[in-house]
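Architecture and fold: a report
The lines below spell out each chain.
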Amino acid sequence: MKVNLVWLMAAAVLAIAGCNKAESPANVREDVAAAQAEAQRDMADAQADAQEAMAGAQHDVEQAQRSGDPADIADQEMDARETAATGEYKIAVAQAESTHQVAIEKCEVMSGQAQEDCKERADNELDRAKRAAEERRDGTG
């Protein structure tokens, strides 16, 4: 039983060490290109969703203006501002996540601690970008 435990621990150490193994530059270039293509699709989707939501909100504002009810107009305008802020937030998050994925792929050319540090920087930048987007959305930034 102790021998099996030793082998399991050794296998685990090797598996973890293998996670920080550098990929070839050619593989990294391919992975980065794929991540960039996916990022473009994600950004286009986020922008299209935001535009669609904003068009609906603007339509609601126009209907409220036709009705002439000042309270309804104010409500619809507030909803439109919130819709715009939410759309901008979703676009910013999509951009941050896309940038993060590309950065992570670029880290794969490194090995060991350098790779870990690179990925940690990318993770920290993603967190910072998301916090900034939240602050802009919530009006605190």
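A few points about the overall build of the chain
A count of helical and extended segments in the chain gives 4 helices and 0 strands. Each helix and strand of the chain, placed in order from N terminus to C terminus, yields the pattern α-α-α-α. Looking at the 141 residues of the chain, the share that counts as buried comes to 24%. Contacts in the chain between residues far apart in sequence, at least 24 positions, make up 71% of those at least 6 positions apart.

Let's talk about the side chain of Gln-76
Counting through the fold element by element, Gln-76 comes out in helix H3 (residues 70–107). Judged by relative accessible area, Gln-76 falls into the buried class, the value being 18%. When near neighbours in sequence (up to four residues on either side) are disregarded, Gln-76 contacts Asp-60, Val-61 and Ala-64.

Considerations on the pattern of salt bridges
This structure, assessed with the given rule, holds 4 salt bridges. Across the pair Glu-97 and Lys-130 runs a salt bridge, and its minimum N-O distance is 3.2 Å. Placement of the pair is Glu-97 in helix H3 and Lys-130 in helix H4 (residues 112–138), with a sequence separation of 33 residues. Its relative accessible area of 38% is what places Glu-97 among the partly exposed residues.

Some words on the side chain of His-100
Locating His-100 in the fold gives a position in helix H3. Judged by relative accessible area, which is 14%, His-100 ranks as buried. Each residue touching His-100, except ones within four places of it in the same chain, is listed here: Ala-122, Asp-123 and Leu-126.

Concerning the state of the cysteines
This model, assessed by the stated rule, comprises 1 disulfide. Here Cys-107 is linked by a disulfide to Cys-118, with a sulfur-sulfur distance of 1.9 Å. Torsion about the S-S bond of the Cys-107 and Cys-118 cystine: about -75°, corresponding to left-handed handedness. Remark: Cys-118 occurs in helix H4 and Cys-107 occurs in helix H3; sequence separation between them is 11 residues.

Observations concerning the environment of Gln-95
Residue position: Gln-95 is located in helix H3. For Gln-95 and Ala-129, which are 34 residues apart along the polypeptide, the C-alpha to C-alpha distance reads 9.0 Å.

As for a negative patch on the surface
A contiguous patch of negative charge, built from Glu-38, Asp-42, Asp-45, Asp-49 and Glu-52, is present on the exposed surface. Along the polypeptide, Asp-45 turns up in helix H2 (residues 25–67). On the basis of relative accessibility, which here comes to 46%, the residue Asp-45 falls in the partly exposed class.

Let's talk about the packing of H2 against H3
Each pair of packed helices can be described by the angle between their axes along with the distance between the axes. At their nearest, the axes of H2 and H3 sit 9 Å apart, and the two run at 180° to each other. Accordingly, the angle class assigned to the pair H2 and H3 is roughly antiparallel. Broken down by class, the residue content of the contact of H2 with H3 amounts to 18 nonpolar, 10 polar and 8 charged.

Rules and cut-offs
Residues numbered from 1 in each chain as written. Predicted model: local features only at pLDDT ≥ 70, side-chain atom pairs only at ≥ 80, totals over all residues. Heavy atoms only, no water. Helix = DSSP H or I, 4+ residues; strand = E, 2+ residues; numbered from the N terminus. Buried < 20%, exposed > 50% of the residue type's maximum accessible area, 1.4 Å probe, protein only. Contact = heavy atoms within 4.5 Å. Salt bridge = Lys/Arg side-chain N within 4 Å of Asp/Glu carboxyl O. Disulfide = S-S within 2.5 Å. Patch = residues over 30% accessible without salt bridge, like charges linked within 9 Å, V, L, I, M, F, W, Y side chains within 5 Å. Areas by Shrake-Rupley, 256 points an atom, 1.4 Å probe, with all protein chains shown as cover. Lys, Arg positive; Asp, Glu negative; His and termini not counted. Charge placed at Lys NZ, Arg CZ, Asp CG, Glu CD. Axes fitted to C-alpha atoms, helices over the stretch in contact; angles between N-to-C directions. Parallel < 35°, antiparallel > 145°, perpendicular 65-115°, else oblique. Nonpolar A, V, L, I, M, F, W, Y, C, P; charged D, E, K, R; others polar.

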